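This is what each chain is made of:
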Amino acid sequence: MITYTRVMAAVFDLFGNEFATQLFIMSTLFVPVFGKRKLFWLRYLLGWAAIAGSQWLMKFGYLPIPDVFNYVLVLVLLFGVVMLSFDFKFWHGIFYVVCSHGVQFIFSNVAYMIIYAVMYGLGKYELFMYYYVEMPIVFASGATATYFLFVKNLKKYDEIVFNSKVLLYCTVGFVAVAIFLTHYARMSSWFLLDNTIYTLAISSLFGVATIVTEVLNIRQQKLERENAMLQELLRKDKRRYEQAKITNEKIMIKYHDISKRKHGGIVDYEELAEMEGDSEILKSSYFTGNPALDVVLSEKALLCERLGIQLICTANGEAMSFMKPHHIYSLVGNALENSIESVRHESDPADRTITLSVTRREDTCVFTVYNYTSRKVEFTDGLPVTDKPNAEEHGFGTRSMRNVVGKYDGQIGFFQRGDIFTVSVALPIPDKADKDGAPSGEAAVEG
């Protein structure tokens, strides 16, 4: 056992001391997450060689630094290594150092807690040699858990962003507790093992809280960015709706005026020639009883016609009369755009068909779109996953739809049954819409 203990102690002194070696193991776990500079491994390993060199110099007395400040020195050097090796901004470097030290700190404390608990329970201090039996097991388990529960989740983020103030507070608090408070508490309570165990337990919980806060910080920033993008998409949809509405109105007014003058025996051949260019738009026009729905259906029907896609539509436009026009444009438009994008790549013309329906069922507006798809659709969080490259930059159409539906306390579902993909939306119709006399009938319209 003594020989084994010496061997394991030597292994964990590879970087000069146990702390630096453990930190190297944990920091290397995070390497796959972040973008790297050229000659990454050369930079990274040379940087760690410098850290190891400083620790060996300290061990042999050539770098007289108190232990507590040596922890700070190693973290500062690690920050320099990651900034040199990774394509990092300042706060990414801070995040990397805190996470690496955080998981090292937690599992180091757990390993000490286990051996101290055994020593305290049996009352034998000589059992400390078994620390080098359980500590490698704790670290191997901790490294595995860290990778699969933490690192793999970080890899899912296309870009990691932070609230820098939260990150700063976490860093300062963690360094103060992990390095200074824990160090002095452990030194002062060495011969009171129960106090040492309590100190390690509390500081470990603080380490866990720091890591959790960091993760929540990233998620919160991601949600805020997504929400801002969704709001911007909604604003763009509103502008697109206004422009499409104006265009449609101009064409309809021009068509009405020409028709009226033709009936009066006045023919302007120049204007008739202009109208021929707009005839395709007129043929794709819808009249559902809801101007906003008419605009978006007419616009998408024209696109379908040009792409050789058949759009079958049955719509009671007044069932959506309680919705804001740009919300209708965004919801229906995004649903149709996704369907068009799906069926346009189908080789068989018979499969390039989209069916849309808007109906009223008692006090609920039901909106459904379905189309054929030859691919297997993957879902995450109830939403279809885009098959386009850079998924983080796409897929906002479905999230925008869910955002709009949420504004009306409705429900939206995306389903695939065999080779049919369906979007189903149920929106409760407010009492005011009932009082305004929205009819419960249904009108079939064609473009």
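Refer to the structure above for everything that follows.
Not measured: the values here are computed from a predicted model. (Residues numbered from 1 in each chain as written. Predicted model: local features only at pLDDT ≥ 70, side-chain atom pairs only at ≥ 80, totals over all residues. Heavy atoms only, no water.)

Novice: With reference to specific residues and values, describe the overall build of the protein.
Specialist: If you tally the helices and strands in the protein, you get 13 helices and seven strands. Scored against the burial criterion, the 447 residues of the protein give a buried share of 44%. A fraction of 72% describes how many contacts in the protein between residues 6 or more apart in sequence connect residues 24 or more apart. Total accessible area computed for the protein in this model is approximately 23600 Å², and 60% of it derives from carbon and sulfur atoms. (Helix = DSSP H or I, 4+ residues; strand = E, 2+ residues; numbered from the N terminus. Buried < 20%, exposed > 50% of the residue type's maximum accessible area, 1.4 Å probe, protein only. Contact = heavy atoms within 4.5 Å. Areas by Shrake-Rupley, 256 points an atom, 1.4 Å probe, with all protein chains shown as cover.)

Novice: Before we move on, can you summarise the nonpolar core with the specific residues and values?
Specialist: The biggest cluster of nonpolar side chains holds 63 residues, and the ones touching the most others in it are F30, F34, Y44, W48, F86, F95 and Y96. Put simply, the parts of the chain that give this core at least two residues each are α2 (18–29), α3 (40–59), α4 (67–85), α5 (90–122), α6 (131–155), α7 (164–188) and α8 (193–263). Ranked by the residues each element gives to this core, the list is headed by α5, at 15 residues. In this view, Y96 contacts S27, T28, F30, V31, F34, Y44, V82, F86 and F88; residues no more than four positions away in its chain are not counted. L293, V343, V369 and V425 belong to the second-largest nonpolar core, a separate cluster that totals 42 residues. (Core = buried A, V, L, I, M, F, W, Y, C linked by side-chain atoms within 4.5 Å.)

Novice: Mind laying out the packing of helix α10 (residues 291–307) against helix α11 (residues 325–343), listing which residues take part and the relevant values?
Specialist: Taken N-terminus to C-terminus, the directions of α10 and α11 make an angle of 20°; their axes are 8 Å apart at the nearest point. Accordingly, the angle class assigned to the pair α10 and α11 is roughly parallel. Remark: the crossing between α10 and α11 carries right-handed chirality. Of the residues in α11, those in contact with A292, L293, V295, V296, L297, E299, K300, L303, C304 and L307 of α10 are P325, I328, Y329, V332, G333, L336, E337 and I340. Residues that form the contact of α10 with α11 fall into these classes: 14 nonpolar, one polar and three charged. (Axes fitted to C-alpha atoms, helices over the stretch in contact; angles between N-to-C directions. Parallel < 35°, antiparallel > 145°, perpendicular 65-115°, else oblique. Left-handed = near helix turned anticlockwise from the far one by under 90°. Nonpolar A, V, L, I, M, F, W, Y, C, P; charged D, E, K, R; others polar.)

Novice: Quick one: what's the story with the pattern of salt bridges, residue by residue and with numbers?
Specialist: The full count for this structure, using the stated rule, is six salt bridges. D13 is the partner of K59 in a salt bridge, and the nearest nitrogen-oxygen pair spans 2.9 Å. A residue pair is termed long-range when its members are at least 10 positions apart, and K59 in helix α3 and D13 in the loop between α1 (2–11) and α2 qualify at 46 residues. Here K59 falls in the partly exposed class, since its relative accessible area comes to 43%. The partner of K300 in a salt bridge is E299, and the shortest N-O contact between them spans 3.3 Å. Assessed through its relative accessible area of 5%, K300 is described here as buried. Given the relative accessible area of 27%, E299 is considered partly exposed. A single network of salt bridges, built from pairs that share partners, joins E299, K300 and E337. (Salt bridge = Lys/Arg side-chain N within 4 Å of Asp/Glu carboxyl O.)

Novice: Account for the packing of aromatic side chains, naming residues and giving values.
Specialist: Centre-to-centre distance and the angle between the planes together describe a pair of aromatic rings. Taken as a whole, this structure holds 32 aromatic pairs when the rule is applied. Seen from their ring centres, F40 and Y44 are 5.3 Å apart, and the 20° between their planes marks the pair as stacked. You can see F40 and its partner Y44 sitting in helix α3, four residues apart, about one turn around the helix. The exposure class of F40 is buried, given its relative accessible area of 5%. For Y44, a relative accessible area of 0% puts it in the buried group. Here the aromatic rings of F105 and F174 are separated by 5.6 Å at their centres, their planes lie at 85°, and the arrangement is edge-to-face. (Phe/Tyr/Trp six-rings, centres within 6.5 Å; stacked < 30°, edge-to-face > 60°.)

Novice: Account for the pairing of strand β6 (residues 411–417), naming residues and giving values.
Specialist: Pairing analysis gives seven bridges linking β6 to strand β7 (residues 420–428), with the strands arranged antiparallel. Across the sheet, Q416 pairs through a bridge with F421, a residue of β7. Remark: two residues form the turn of the hairpin made by β6 and β7, two consecutive strands paired antiparallel; G418 in that turn has positive phi of roughly 65°. (Pairing = 2+ DSSP bridges.)

Novice: Now, about the sheet that holds strand β1 (residues 310–315): what can you tell me, with residues and values included?
Specialist: The strand order β1-β2-β3-β7-β6 describes an open sheet built from five strands, whose pairing is mixed. Only two strands of the sheet have a single neighbouring strand rather than two, namely β1 and β6. Each strand of the sheet is rotated relative to its neighbour by a mean of 10°, with strand direction disregarded. Lying over the sheet, α10 contacts β1 and β2 (353–361), oriented at roughly 165° with respect to β1.

Fair warning: the whole summary comes from geometry, so function is off the table for now.
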